[in-house]
2 protein chains.
Amino acid sequence: MSVLKPAQLSVSATKRRQIVDAAIAEFQENGFAGTSMDRITERACVSKRTVYNHFENKEALFHAIIELIFEQFSETVTLSYIPGKPLRPQLVELGRAEGKLLMSESFMRLVRMAMGETMRDPALAVKMNERAEACTVFSCFMAGARDAGAMPGIDPAEVSEQFLGLIKARAFWPYVLRSNAIDAETMEAIVQSSVETIMARFAPDTE
Amino acid sequence: MSVLKPAQLSVSATKRRQIVDAAIAEFQENGFAGTSMDRITERACVSKRTVYNHFENKEALFHAIIELIFEQFSETVTLSYIPGKPLRPQLVELGRAEGKLLMSESFMRLVRMAMGETMRDPALAVKMNERAEACTVFSCFMAGARDAGAMPGIDPAEVSEQFLGLIKARAFWPYVLRSNAIDAETMEAIVQSSVETIMARFAPDTE
DNA sequence: CAACAAGTAAACTAAACAGTTTACATGGGG
DNA sequence: CCCCATGTAAACTGTTTAGTTTACTTGTTG
């Protein structure tokens, strides 16, 4: 039992990394049922037994990977409302952060695959449910704005859902269904227009 | 070659119907890769050769079915703007029609599966792209409202996308990802609030 | 009713798959 | 320096799959 510090290359748990990387790619490209352990093995440049030493079976490998990717992305959008500063530019900033995530090729591939698998695998749906609390960031932001008097009397959950909805309607949804990539310019316009709508409804007096 | 009129039971193209029904169920339950032709055969109470007489292969059967279901649903939301009548109740009506579709169990199952398959099958993405023009209904409605002076100066596409986005953010998206069913009461509240927001932004003077 | 299109059951092929086993290699810590 | 965690290659099991073939039956139409 080695007691290596995490920063080190940990000998040949590099293997684990190779497996995980290969599995991510394969699952993203072919979904769960469409991916074979043999292909993962080959892509990872690793023996099949090694794969089964690290992960009990295909299902376990799949779940480990979903967990991992969600972890990686849940750290992306982190902003909170700063009292005193005007609301509009802060909303724009928040929208841009979300936009950046939605423009990530790999994130979108993951989401598309995961959606398709929630049907086959109810446990995955539960996992996604828990992780989907990234939306909490938005909710907390709106609560902060309300408490500071910038958006008096609103329901933070409702406003954050509407704001996210406006952005996703044009930046996320079309991308998921039709593989329409979105350029930075369009994304900026979407964010601006979404902020405009939210302000008109929930902070009409400002400005 | 029989020349039977469509209304008739067309002898044993009943078989075709059985195959299609079974395939719809299996594909919705297990996705493309997860579905076997044998299971379709069995569920259809039909011989395997019969399946292959009607559809060249699994892929062809899958595409025929996607086509079919989209056809079936593209007729659901059909409303156009009526000049003279006030805008708000008409928007509510439009929102309710969309809501009804989103509350359909079978439609949502299809969408979830289809999303997962768009990755594996680019041709499917193209097909969904074409079909997604159901959104045209919304766009035309908004254009009608603009031309009648109810929402002056708007971009119909933008408004329709925002309206749809607001509804889907709470009625569609959570359902897709987390299998959260939505009751009629909640749906009505969502429609009302979405209309409110759209009015605040794009028709503020009215009322 | 004869003939043919369409259906049936069941066995078959060839490939892919998840997961196991075997016999062997290696390299780093005690 | 020796030992054992861990890794490797490759063959193997048992199952599942898409798609074919064969020998036979049925129902509709001319």
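For the structure itself, consult the block above.
Residues numbered from 1 in each chain as written. Chains lettered and ligands numbered in written order. Predicted model: local features only at pLDDT ≥ 70, side-chain atom pairs only at ≥ 80, totals over all residues. Heavy atoms only, no water.

Chemist: Please provide a residue-by-residue account of the overall build of chain A, values included.
Modeler: Check the secondary structure of chain A and you find 11 helices and zero strands. Each helix and strand of chain A, ordered N terminal to C terminal, gives the series α-α-α-α-α-α-α-α-α-α-α. Classification of the 207 residues of chain A by burial places 48% in the buried group. For chain A, the share of sequence-separated contacts (at least 6 apart) that also reach a separation of at least 24 residues comes to 68%. Accessible area of chain A: about 10100 Å², with a carbon and sulfur share of 54%. (Helix = DSSP H or I, 4+ residues; strand = E, 2+ residues; numbered from the N terminus. Buried < 20%, exposed > 50% of the residue type's maximum accessible area, 1.4 Å probe, protein only. Contact = heavy atoms within 4.5 Å. Areas by Shrake-Rupley, 256 points an atom, 1.4 Å probe, with all protein chains shown as cover.)

Chemist: With reference to specific residues and values, describe the relation of the copies chain B and chain A.
Modeler: Mapping chain B onto chain A leaves a residual RMSD of 0.1 Å; the transformation is a rotation of 179 degrees accompanied by 0.0 Å of translation along its axis. Between the two chains, the operation in question is that of a two-fold axis. Of every C-alpha in chain B, the one belonging to B:Gly116 sits nearest the axis of rotation, 1.7 Å from it. Interface overlap between copies is the fraction of interface residues in one copy that are interface residues in the other; for chain B against chain A it reaches 97%, indicating a shared surface. (Least-squares fit on C-alpha atoms with pLDDT ≥ 70 in both.)

Chemist: Quick rundown of the protein's contact with DNA strand C? Include the residues and the values.
Modeler: Among the 19 residues in the neighbourhood of DNA strand C, the closest are listed as A:Met37, A:Lys48, A:Lys58, B:Lys15 and B:Thr50. Among atoms of DNA strand C positioned within 4 Å of the protein, sugar and phosphate together represent 68%. A:Lys58 places a polar side-chain atom, nitrogen or oxygen, 3.0 Å from a phosphate oxygen of DNA strand C. Here B:Ser47 contributes a backbone N or O atom positioned 3.1 Å from a phosphate oxygen of DNA strand C. (Near = heavy atom within 4 Å. Polar contact = N/O pair within 3.5 Å; in protein donor to acceptor, adjacent residues only side chain to side chain.)

Chemist: Now, about the interface of chain B and chain A: what can you tell me, with residues and values included?
Modeler: Interface size is often expressed as the accessible area that is lost when the parts come together. With 35 residues of chain B at the contact, the number on the chain A side is 36 residues. Taken over both partners, the interface formed by chain B and chain A buries close to 3200 Å², and the fraction arising from carbon and sulfur atoms is 64%. It is B:Met119, B:Trp173 and B:Leu177 that lose the most area in chain B upon contact with chain A, and together they represent 20% of the buried surface on that side. For the interface between chain B and chain A, the tally reads four salt bridges. Among the ionic pairs, B:Arg170 bridges to A:Glu158, the shortest N-O distance being 3.8 Å. (Buried area = accessible area lost by both parts, 1.4 Å probe. Salt bridge = Lys/Arg side-chain N within 4 Å of Asp/Glu carboxyl O.)

Chemist: Any details on the nonpolar core? Residues and values, ideally.
Modeler: Grouped together as the largest cluster of nonpolar side chains are 132 residues, with contacts concentrated most on A:Leu87, A:Met151, B:Leu87 and B:Met151. The leading source of residues in this core is helix H6 (residues 105-120) of chain B, at eight residues. Not counting the four nearest positions on each side in its chain, B:Met151 is found in contact with B:Leu87, B:Met142, B:Ala145, B:Arg146, B:Val159, B:Ile198, B:Phe202 and B:Ala203. (Core = buried A, V, L, I, M, F, W, Y, C linked by side-chain atoms within 4.5 Å.)

Chemist: Tell me what's going on with the pattern of salt bridges, and back it up with residues and numbers.
Modeler: Once their charged atoms are close, side chains differing in charge can pair, the charge on each being opposite to the other. For the structure on display, the rule yields 22 salt bridges over all chains. In this structure, A:Glu93 and A:Arg96 form a salt bridge, with 3.7 Å as the shortest nitrogen-oxygen distance. With a gap of three residues between them, A:Glu93 and A:Arg96 both fall in helix H5 (residues 87-102), about one helical turn apart. We classify A:Glu93 as partly exposed; its relative accessible area is 41%. One salt bridge in this structure joins B:Arg88 and B:Glu196, with 3.0 Å as the shortest N-O distance. In this pair, B:Arg88 sits in helix H5 (residues 87-102) while B:Glu196 sits in helix H11 (residues 184-202), placing the two residues 108 residues apart along the sequence. Residue classification places B:Glu196 among the partly exposed positions, given a relative accessible area of 33%. One connected set of salt bridges, linked through shared partners, spans A:Glu26, A:Glu29, A:Arg39 and A:Arg43.

Chemist: Hey, could you go over empty space enclosed by the protein for me, with residue numbers and the actual values?
Modeler: Tallied over the entire structure, the rule returns one cavity of 30 Å³ or more. What lines the largest cavity is a set of 20 residues, and nearest its centre among them are A:Gly116, A:Glu117, B:Gly31, B:Phe32 and B:Glu117. Listed by contribution, the elements that provide at least two residues to the lining of the largest cavity are helix H6 (105-117) of chain A together with H6 of chain B. Per-element accounting of the lining of the largest cavity gives the leading share, five residues, to H6(B). Along the lines of polarity and charge, the residues of the lining of the largest cavity split into eight nonpolar, eight polar and four charged. (1 Å grid on protein atoms, 1.4 Å probe; cavity = no way out; pocket = protein on both sides within 12 Å on 5 of 7 lines; lining within 4 Å. Points joined across faces, edges and corners; volume = space filled by probe spheres on them. Nonpolar A, V, L, I, M, F, W, Y, C, P; charged D, E, K, R; others polar.)

Chemist: Provide a residue-level description of the packing of aromatic side chains, including the pertinent values.
Modeler: Scanning the entire structure with this criterion turns up 13 aromatic pairs over all chains. Considering the side-chain rings of A:Phe32 and A:Phe62, the 5.1 Å spacing of their centres and the 70 degrees angle between planes classify their relative orientation as edge-to-face. Placement of A:Phe32 in the loop between helix H1 (14-30) and helix H2 (37-44) and of A:Phe62 in helix H4 (residues 58-74) is noted, with a sequence separation of 30 residues between them. Classification of A:Phe62 as buried rests on a relative accessible area of 0%. Aromatic side chains A:Trp173 and B:Trp173 sit 5.4 Å apart centroid to centroid with 85 degrees between the ring planes, which places their arrangement in the edge-to-face category. Of the two residues, A:Trp173 sits in helix H10 (residues 173-178) while B:Trp173 sits in helix H10 (residues 173-178), which places them in two different chains. Ring-pair connections join several aromatic residues into one group, and the members of that group are A:Phe172, A:Trp173, B:Phe172 and B:Trp173. Seen from the ring of A:Phe32, A:Lys58 lies directly overhead, with NZ or CZ sitting 4.5 Å from the centre. (Phe/Tyr/Trp six-rings, centres within 6.5 Å; stacked < 30°, edge-to-face > 60°. Lys NZ or Arg CZ within 6 Å of the ring centre and 35° of its normal.)

Chemist: So what's going on with the packing of helix H9 (residues 156-171) of chain A against helix H11 (residues 184-202) of chain A? Which residues, and what values?
Modeler: To describe two helices that pack against each other, one gives the angle between their axes and the distance between the axes. Residues and elements named next belong to chain A. Across the interface, H9 lies against H11 with an axial gap of 9 Å and an inter-helix angle of 150 degrees. As judged from the angle between their axes, H9 and H11 are roughly antiparallel. The crossing of H9 and H11 is right-handed. Contacts between H9 and H11 involve Val159, Gln162, Phe163, Leu166, Ile167, Arg170 and Ala171 from the first element and Met187, Ile190, Ser193, Ser194, Val195, Thr197, Ile198, Arg201 and Phe202 from the second. (Axes fitted to C-alpha atoms, helices over the stretch in contact; angles between N-to-C directions. Parallel < 35°, antiparallel > 145°, perpendicular 65-115°, else oblique. Left-handed = near helix turned anticlockwise from the far one by under 90°.)

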